[in-house]
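Structure at a glance
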Amino acid sequence: MKQINLVLAVLGLGLSTWAHADEATQWHYSLGIHDFVVNDEHSHTFGGNASLIIEHRTPSAILLSAFLDAYVDVDIDKLDPDHIPLWFKSDYAAIGELYRSTPSLTFGWQVDLQGKRNTVSSVEKQLKFFPALTANYQSGQLLTQLKMGAGYYFLEIDDDVPKTFGYKRSDYGNSEFAYTVMGKMGGAITPTLSLHGAIQTWHDGNVWLEHQYRFELTYQSDFWVKGSQWALTAEHTQYHLDHYTKTEVGSPTEPILPWNDDTLLRLSLIVPW
């Protein structure tokens, strides 16, 4: 994973350099609270979080963005008995336009690099790198997008829970060449209130690897400083873990985890920097 960390560091350094070089680059930070839910175990893990958000548009109209999230859990349920209650998410993207068919309809490209580390639901490491093509339609306050891409999918399960079922270190990681499809829709409900939703799936050509459902409600407010906004998000993820199962382990077989989904609920205040 050293190569992955190097890529993340280089992308972060690049975005930081662009941001300092261009006063028009937008910087935001957020502070919030969250509940990390594992429904199969009736588990709720509460905590606080902070984010750094950077967006920069190049002279050629390419949008570069970086979302860096850090979470501190109050880990009471102990799904993972040795869980360190600090975990991270990251999302880097480059977005460009290829063709404008009408003022409302455009076709473009997008490259996403997403990561996740050390969640309480036993996701030790996750990396998704997916170039994609997009179709975008905007009419009034309504925005819809269809995105299709192919790339690299990696998921590693933390060892603490699986080793109680007899799994070995070599059994915890899975990397695939995969395909992804996403549909997104949203828009403004009022001048200050917006709602967006997205559904995305990853598939290796034989079986699905992950489904994700995301909803976000934002409210424009000058609560902290002018231009700040409240954001309430819900992100539900389902993981396909059958391919980790070892038939020689347990009686007759034991799954690598006794659950296969999690939900992140988050309320945060996003502030211009």
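Anyway, here's the lowdown on the structure attached to this text.

Rules behind the numbers
Residues numbered from 1 in each chain as written. Predicted model: local features only at pLDDT ≥ 70, side-chain atom pairs only at ≥ 80, totals over all residues. Heavy atoms only, no water. Helix = DSSP H or I, 4+ residues; strand = E, 2+ residues; numbered from the N terminus. Buried < 20%, exposed > 50% of the residue type's maximum accessible area, 1.4 Å probe, protein only. Contact = heavy atoms within 4.5 Å. Areas by Shrake-Rupley, 256 points an atom, 1.4 Å probe, with all protein chains shown as cover. Phe/Tyr/Trp six-rings, centres within 6.5 Å; stacked < 30°, edge-to-face > 60°. Lys NZ or Arg CZ within 6 Å of the ring centre and 35° of its normal. Polar contact = N/O pair within 3.5 Å; in protein donor to acceptor, adjacent residues only side chain to side chain. Pairing = 2+ DSSP bridges. Patch = residues over 30% accessible without salt bridge, like charges linked within 9 Å, V, L, I, M, F, W, Y side chains within 5 Å. Salt bridge = Lys/Arg side-chain N within 4 Å of Asp/Glu carboxyl O. Axes fitted to C-alpha atoms, helices over the stretch in contact; angles between N-to-C directions. Core = buried A, V, L, I, M, F, W, Y, C linked by side-chain atoms within 4.5 Å.

1. Some words on the overall build of the chain
Looking only at helices and strands, the chain has one helix and twelve strands in total. In sequence order, the secondary structure elements of the chain are arranged as α-β-β-β-β-β-β-β-β-β-β-β-β. Within the chain, the proportion of its 273 residues that are buried is 45%. For the chain, the share of sequence-separated contacts (at least 6 apart) that also reach a separation of at least 24 residues comes to 57%. By element, 62% of the accessible surface of the chain is carried by carbon and sulfur atoms, the whole surface being about 14,400 Å².

2. Section: the packing of aromatic side chains
Across all of its chains, the model carries five aromatic pairs by this definition. Look at Trp27 and Trp273: their rings are 5.9 Å apart centre to centre, the planes differ by 85°, and that puts the pair in the edge-to-face class. Taken as a pair, Trp27 in strand β1 (residues 26-38) and Trp273 in the segment after β12 (261-272) lie far apart in primary sequence, 246 residues in all. Where Phe177 meets Tyr179, the ring centres are 5.4 Å apart and the plane angle is 85°; that geometry is what we call edge-to-face. Of the aromatic side chains, those joined through ring pairs into one cluster are Trp27, Tyr29 and Trp273. Over the ring of Trp202 we find Lys128; its NZ or CZ atom is 3.8 Å from the centre of that ring.

3. Quick notes on the environment of Asn49
Within the secondary structure, Asn49 is located in strand β2 (residues 43-57). Remark: the alpha-carbon pair of Asn49 and Ile33, spanning 16 residues in sequence, is separated by 5.9 Å. Residue contacts for Asn49: discarding those within four places in its chain leaves Ser30, Leu31, Gly32, Ile33, His34, Ala70, Tyr71 and Arg266. Polar contacts involving the side chain of Asn49 include one to the side chain of His34, which spans 3.1 Å.

4. Concerning the pairing of strand β3 (residues 63-74)
Looking at chain direction, β2 and β3 are connected through twelve bridges and run antiparallel. Paired with Ser51 across the bridge in β3 is Asp69. As consecutive antiparallel partners, β2 and β3 are separated by five residues, and within that stretch Ala61 has a phi angle of approximately 70°, a positive value. For β3 and strand β4 (residues 86-100), the ladder comprises ten bridges, and the chain directions are antiparallel. Along β4, the bridge assignment pairs Leu64 with Ala94.

5. So, a nonpolar patch on the surface
Residues Ile33, Ile189, Leu195, Leu217, Leu232 and Leu267 make up a contiguous nonpolar surface patch of about 510 Å² in total accessible area. By the secondary structure assignment, Leu267 is in strand β12. Given a relative accessible area of 36%, Leu267 falls into the partly exposed group.

6. Structural notes on the side chain of Arg266
Mapped onto the elements, Arg266 comes out in strand β12. For Arg266, a relative accessible area of 11% translates into the label buried. Separated by 3.4 Å, the side chains of Arg266 and Ser30 make a polar contact. Non-local contacts of Arg266, meaning those with residues more than four positions away in its chain, are made with Ser30, Ile33, His34, Asn49, Ala50, Ser51, Asp69, Tyr71, Ala231, Leu232 and Thr233.

7. Comments concerning the environment of Gly32
Residue placement: Gly32 occurs in strand β1. What makes Gly32 buried here is its relative accessible area of 16%. Along the primary structure Gly32 and Leu269 are separated by 237 residues, whereas in three dimensions their C-alpha atoms are 6.2 Å apart. Beyond its immediate chain neighbours, meaning those up to four positions away, Gly32 contacts Gly47, Gly48, Asn49, Leu267 and Ser268.

8. Description of the pairing of β4
Here β4 runs beside strand β5 (residues 105-117); their pairing, made up of twelve bridges, is antiparallel. Pairing of Ala94 across the sheet is with Val111, part of β5. Linkage of β4 to β5, two consecutive antiparallel strands, is achieved through a turn of four residues.

9. Regarding the sheet that holds β12
Read once around its circumference, the closed barrel built from twelve strands follows the order β1-β2-β3-β4-β5-β6-β7-β8-β9-β10-β11-β12, with strand pairing classed as antiparallel. Across the sheet, the axes of successive neighbouring strands diverge by a mean angle of 20°, strand direction being ignored.

10. Overview of the nonpolar core
Of all hydrophobic cores here, the largest spans 24 residues; its most connected members are Tyr153, Leu155, Ile157, Leu241, Ile256 and Leu257. Listed by contribution, the elements that provide at least two residues to this core are β1, β6 (123-139) and β7 (142-157). Examining the composition of this core, we find that three residues originate from one element, β7, more than from any other. Filtering out sequence-adjacent residues up to four positions away, Leu241 remains in contact with Leu155, Ile157, Ile256, Leu257, Trp259 and Asn260.

So yeah, pure geometry; function would need other evidence.
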